[in-house]
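Structural features, examined
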Amino acid sequence: MRFLPLTKGAILWRDAHFPNEAFMSRIPFTAAELAERYTLHGAHVLDTAQGLNGVYDVHVERGRIKALGKAPVGFTPEQSWSLEGCLITPGLIDLGPHLREPGPSYKGSLASEARAGLSGGYTTLCPRPDTAPILDNAPQIQTLLTKARALEGPHILPLGALTKGLEGELLSNMAGLKAAGCAALTNGRAPITDTRVALRCLDYAATFDIPVHIQPEDAALAAGGCAHDGAVAARLGLSGIPAAAETIALAQWLVLVEQTGVRAHFSRLSTAKGVEAVAAAKARGLPVTADVSIMHLHWTDQLLEGFDSRFHFQPPLRSAHDRDALRAGVESGVIDAIVSDHLPHEAAAKLAPFAESQPGITSLETCWSMGMALVEEGVLSLERLIDSLTAGPARVLGCAAGTLEAECAADIAIFDRIHRWTPTEGAWQSVGINTPLAGVSMNGRCVATIVEGKLRHVL
């Protein structure tokens, strides 16, 4: 039996030929609508926002959490479902997945990628603005939100473009984007090379109390690179992106954050020095948060051997030292959130030589299972994993999601921790098939997702 080199020592990742265990769903209900008033009984509930970790009944009424534990006076459920053996958490929240709309339908659509999010336990998605066309004006945001409401899927809280066309030259209509429904603004990986423009962006955003998400990368140092600038890239002849590309950019942005007081979130950290810089900034009291992709908590640049384009990401997979520092950053709370970094592609996008292939992975449906592998390996505690997928990103957004507190929206994810499953092209919701996990048996899966009390996904 062959073990895949996905996480050192993680026995949860097995060859596709390992026989799947028979799966009997623990979910007693079907896709039929739940009643307006019901109780989920006997599951293990983990809600880090409230410090709850134990077996509680979950009482839902008219789309909101009525209570946890003992039913409140006068509450009589129309339905009561037994979920012994399941894990219930607040619905997961993802900061910055690419939902491919507007854009080419062969890479995905809002409908397909929203279904993928529900399948992974996500009840809130914050799509990034680098679409075609760019999400840099209020009408486009409003159109996206109108389509999202018609789908009756997860909550959609878009990230708007920080500069017009993401060109890094002219400021977008930030106040208009906020009014249209944007949760934050970002330029993503598109560089803002003029420091004066960057300063004006943060000044303006701070004036209107608009959070800014920043993916720190020095454009000059990263130009033409496709892999971590280390021994593996040198041996394979791949152009490298040094760790300094992140740390230099991060240092510059932190100076501007300190001057403007803007709420800044640093996306997709990939280096040990980046974790140190964010920790130091938090210690100084700067209003900063950070996230890391689930891939960078698992894999290193060693997997580039053989020029496997499935491991082509931006930022690139880095050294084992960097990966271990990112893990420690999540466990300590320096890193606030884990993101899927979902970027679906068609098969042809990964068939080119490594440097010419398109970076990214389809990962909304596998992120939680990958996180659970880290828990089983002892890398993360279950509490820190769930917090970084729920309450952590909610704190970044400054929204009321990420908790099962009474009177909050009944956004609920239900997981079966012992369900073994194998991602395959025909067995999931995303149009994208770009993942090294295809055909790999995994443990743990979302078996039902509830949004505002309504069942939106059941396995």
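Only a predicted model underlies this, so the values are computations on that prediction, with no experimental measurement involved. (Residues numbered from 1 in each chain as written. Predicted model: local features only at pLDDT ≥ 70, side-chain atom pairs only at ≥ 80, totals over all residues. Heavy atoms only, no water.)

**Examining the pattern of salt bridges**
Across all of its chains, the model carries 23 salt bridges by this definition. As a salt-bridge pair, R235 and E305 come within 2.2 Å of each other at their nearest N and O atoms. Of this pair, R235 sits in helix α6 (residues 231-236) while E305 is found in the loop between α9 (294-298) and α10 (320-332), placing the two residues 70 residues apart along the sequence. The class for R235 is exposed, based on a relative accessible area of 52%. Note that D308 is salt-bridged to R310, the shortest N-O span being 2.8 Å. A residue is classified by how much of its surface remains accessible, and R310, at 35% relative accessible area, is partly exposed. Connected via shared salt-bridge partners are R37, E61, K66 and E78. (Salt bridge = Lys/Arg side-chain N within 4 Å of Asp/Glu carboxyl O. Helix = DSSP H or I, 4+ residues; strand = E, 2+ residues; numbered from the N terminus. Buried < 20%, exposed > 50% of the residue type's maximum accessible area, 1.4 Å probe, protein only.)

**Brief notes about the sheet that holds strand β19 (residues 412-421)**
Within the open sheet, the six strands sit side by side as β3-β2-β7-β19-β20-β21. Their pairing is mixed. Edge positions in the sheet fall to β3 (52-55) and β21 (454-458), since each of these pairs with one other strand and no more. Each strand axis lies, on average, 25 degrees off the axis of its neighbour in the sheet, ignoring direction. Along the sheet, helix α1 (residues 110-119) makes contact with β20 (442-451) and β21, crossing β20 at roughly 110 degrees. Sitting on the sheet, helix α12 (residues 382-389) touches β2 (44-47), β3, β7 (87-90) and β19, and the angle it makes with β2 is about 60 degrees. (Pairing = 2+ DSSP bridges. Axes fitted to C-alpha atoms, helices over the stretch in contact; angles between N-to-C directions. Contact = heavy atoms within 4.5 Å.)

**Side note on helix α4 (residues 195-207)**
Here α4 spans 18 Å end to end across 13 residues, near enough to the 18 Å set by a 1.5 Å rise per residue. Its buried side turned inward, α4 meets α3 (174-180), β13 (212-214) and α7 (244-260). Backbone nitrogen of R196 and a side-chain oxygen of the N-cap are separated by 2.9 Å at the start of α4; the cap is D194. A positive phi of about 55 degrees marks D209, the residue just after α4. (Expected span 1.5 Å × (residues − 1). Polar contact = N/O pair within 3.5 Å; in protein donor to acceptor, adjacent residues only side chain to side chain.)

**Re the sheet that holds strand β9 (residues 122-126)**
Taken together, the three strands give an open sheet; going across it, the order is β8-β9-β10, and neighbouring strands pair in parallel fashion. What marks the edges here is a single partner per strand, and that holds for β8 (92-95) and β10 (155-156). Two strands pair when backbone bridges link them, and β8 and β9 are joined in this way by four bridges, in the parallel orientation. Each residue of the ladder has a partner; that of L92, found in β9, is Y122.

**Thoughts on the state of the cysteines**
What is meant by a disulfide is a covalent connection between two cysteines, made through their sulfur atoms. A full pass over the atoms with the stated rule returns zero disulfides. Unpaired in terms of disulfides, C201 finds its nearest cysteine sulfur in C182, a separation of 14 Å. (Disulfide = S-S within 2.5 Å.)

**Some remarks on the packing of aromatic side chains**
Under the counting rule described, the total for this entry stands at four aromatic pairs. Between Y204 and F208 the ring centres are 4.9 Å apart and the planes differ by 35 degrees, which places this aromatic pair in the tilted class. The exposure class of Y204 is partly exposed, given its relative accessible area of 31%. Centroid distance W368 to F415: 4.0 Å. Interplanar angle 10 degrees. Geometry classified as stacked. With a gap of 47 residues between them, W368 in helix α11 (residues 367-377) and F415 in strand β19 connect regions that are remote in the sequence. (Phe/Tyr/Trp six-rings, centres within 6.5 Å; stacked < 30°, edge-to-face > 60°.)

**Points about α7**
The end-to-end C-alpha distance of α7 is 24 Å, a good match for the 24 Å that 17 residues give at a rise of 1.5 Å each. Taken residue by residue, α7 has A245, E246, A249, L250, W253, L254, L256, V257 and T260 as its buried positions. The buried residues of α7 occupy an angular sector of 165 degrees when the element is viewed end-on, so they sit on one face. Opposite the buried face of α7, by more than 90 degrees, sit the exposed residues V255 and Q259. (Arc of directions from axis to C-beta.)

**Concerning the nonpolar core**
Counting residues in each nonpolar core, the largest one holds 86 residues, and the members touching the most others are W253, F266, W299, L304 and I338. The contacts of I338, once residues within four sequence positions are left out, are D94, V292, I294, L297, V330, C367, L380, L385, S388 and L389. Within the second largest apolar cluster, 24 residues are counted, among which are F29, L52, I88 and L455. (Core = buried A, V, L, I, M, F, W, Y, C linked by side-chain atoms within 4.5 Å.)

**Looking at the packing of α4 against α7**
The geometry of α4 relative to α7 is characterised by a closest axis approach of 10 Å and an angle of 40 degrees between their N-to-C directions. As the angle between them shows, α4 and α7 are arranged oblique. The handedness of the crossing between α4 and α7 comes out as right-handed. On the side of α4, the interface is formed by T195, A198, L199, L202, D203 and A206, while α7 contributes Q252, W253, L256, V257, Q259 and T260. Residues that form the contact of α4 with α7 fall into these classes: seven nonpolar, four polar and one charged. (Parallel < 35°, antiparallel > 145°, perpendicular 65-115°, else oblique. Left-handed = near helix turned anticlockwise from the far one by under 90°. Nonpolar A, V, L, I, M, F, W, Y, C, P; charged D, E, K, R; others polar.)

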